[in-house]
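# Observations on the three-dimensional arrangement
One-letter residues, chain by chain:
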Amino acid sequence: MSDNKAHLEQNYQGQVVLVTGGTKGIGFGIAVGFLTAGAEVIVCGRKEPETTPQALVNGIPKKAHFIKADVKDTDSTASLFKTIEEKFGRLDVLVNNAGGSPFALADKASPRFHESIIKLNLIAPLNVAQQANYILQKNGGTIIFIGSISAMRASPGTAAYGAAKAGILSLVKTLAVEWAPKVRVVALSPGLVKTESSHLHYGDDAGIAKVSATIPAGRMAVPEDIANACLFLASAQASYSSGCNLLLNGGGEMPAFLNANENN
Ligand SMILES: NC(=O)c1ccc[n+]([C@@H]2O[C@H](COP(=O)([O-])OP(=O)(O)OC[C@H]3O[C@@H](n4cnc5c(N)ncnc54)[C@H](OP(=O)(O)O)[C@@H]3O)[C@@H](O)[C@H]2O)c1
């Protein structure tokens, strides 16, 4: 184990971390990050995954605990937190990660679709955060909302999603005030992240390479990048960070004139 990993392990030993939607994609990577850092990690999703997040801690495999829950359903969310209190007796970090949207142009998508996307990406994270706050107020802790670059620029094909993620940035500011000083509330807004589902948005390897070339860092983020930022935001090193948004987008998108010059 590298010195860096040993340092992380000390950071989260004895802490309980909930990652909503930690059964695949970015959430899976965040769960592995906190497991590696020594935390007791709970992941939830609507379906039990074939593979639960796992990490080697002191050479011993450690698995996340799966609790089935649909965050769009308030009863299911309440039952998730009841189970956490009964089984673990505490909570230190919530990563409000479950979310996403398929591509649908705003004039073609149904009102029901728009409602469902706003519910998953704005209302549900608020309900989950509220439930978490009741427990976090006892010992203090951190809530990280996973936002998106879509909150800060036009989001064609995912209009409701972009609007919901913009709402998250407002929520974070207000909750950080209402729940201080015991609970810190922050947003982490990724740019483009490569997951097992990336082909649905960007196509094959050639499509991913084309997208990667538009990012100053020269690559899309990977879930481990998001996990590392979460480990910082939930740590004592970030104890003065609240109500803020960490934009993690590899330097942003290239200005269009750069591409235009290349073609000249
Ligand atoms: N991928 C990107 O490029 C990117 C960029 C910026 C921001 N983000 C944000 O990062 C987060 C994760 O995205 P991702 O790409 O990793 O998504 P993903 O691969 O589609 O995974 C979504 C996770 O959320 C769970 N989930 C979905 N609906 C749920 C519900 N109603 N209740 C409980 N769990 C639910 C899924 O499990 P079940 O299906 O079993 O419920 C799964 O574990 C989202 O908030 C997304 O907006 C992603």
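Everything below is about the structure shown above.
A few points on the structure.

Conventions and cut-offs
Residues numbered from 1 in each chain as written. Predicted model: local features only at pLDDT ≥ 70, side-chain atom pairs only at ≥ 80, totals over all residues. Heavy atoms only, no water. Core = buried A, V, L, I, M, F, W, Y, C linked by side-chain atoms within 4.5 Å. Buried < 20%, exposed > 50% of the residue type's maximum accessible area, 1.4 Å probe, protein only. Contact = heavy atoms within 4.5 Å. Helix = DSSP H or I, 4+ residues; strand = E, 2+ residues; numbered from the N terminus. Arc of directions from axis to C-beta. Phe/Tyr/Trp six-rings, centres within 6.5 Å; stacked < 30°, edge-to-face > 60°.

Here we take up the nonpolar core. Core analysis: the biggest nonpolar cluster contains 35 residues, and Phe 81, Ile 143, Phe 145 and Val 185 have the highest contact counts within it. Apart from the residues within four sequence positions on either side, Phe 81 is in contact with Leu 18, Leu 91, Val 128, Gln 131, Ala 132 and Ile 135. Counting residues in hydrophobic clusters, the runner-up holds 30 residues, among them Ala 39, Phe 66, Ala 229 and Ala 234.

Okay, helix 7 (residues 205-212) next. Three or four residues apart is the spacing at which side chains of an α-helix point the same way, because the helix has 3.6 residues per turn. Within helix 7, the full set of buried residues consists of Gly 207, Ile 208, Val 211 and Ser 212. For helix 7, the buried positions fall inside an angular range of 135 degrees around the axis, keeping them on one side. Projecting away from the buried face of helix 7 at angles above 90 degrees are the exposed residues Asp 205, Ala 206 and Lys 210. Where the residues of helix 7 are buried, they touch helix 6 (198-202).

A separate point is the packing of aromatic side chains. With the rule as written, the count across this model stands at 1 aromatic pair. Ring plane angle 85 degrees and centroid distance 5.0 Å describe the contact between Tyr 12 and Phe 34, whose orientation is recorded as edge-to-face. On the criterion of sequence distance, the pair formed by Tyr 12 in helix 1 (residues 3-12) and Phe 34 in helix 2 (residues 25-36) is long-range, its members being 22 residues apart. In this structure, Tyr 12 and Phe 34 share a single accessibility class: buried.

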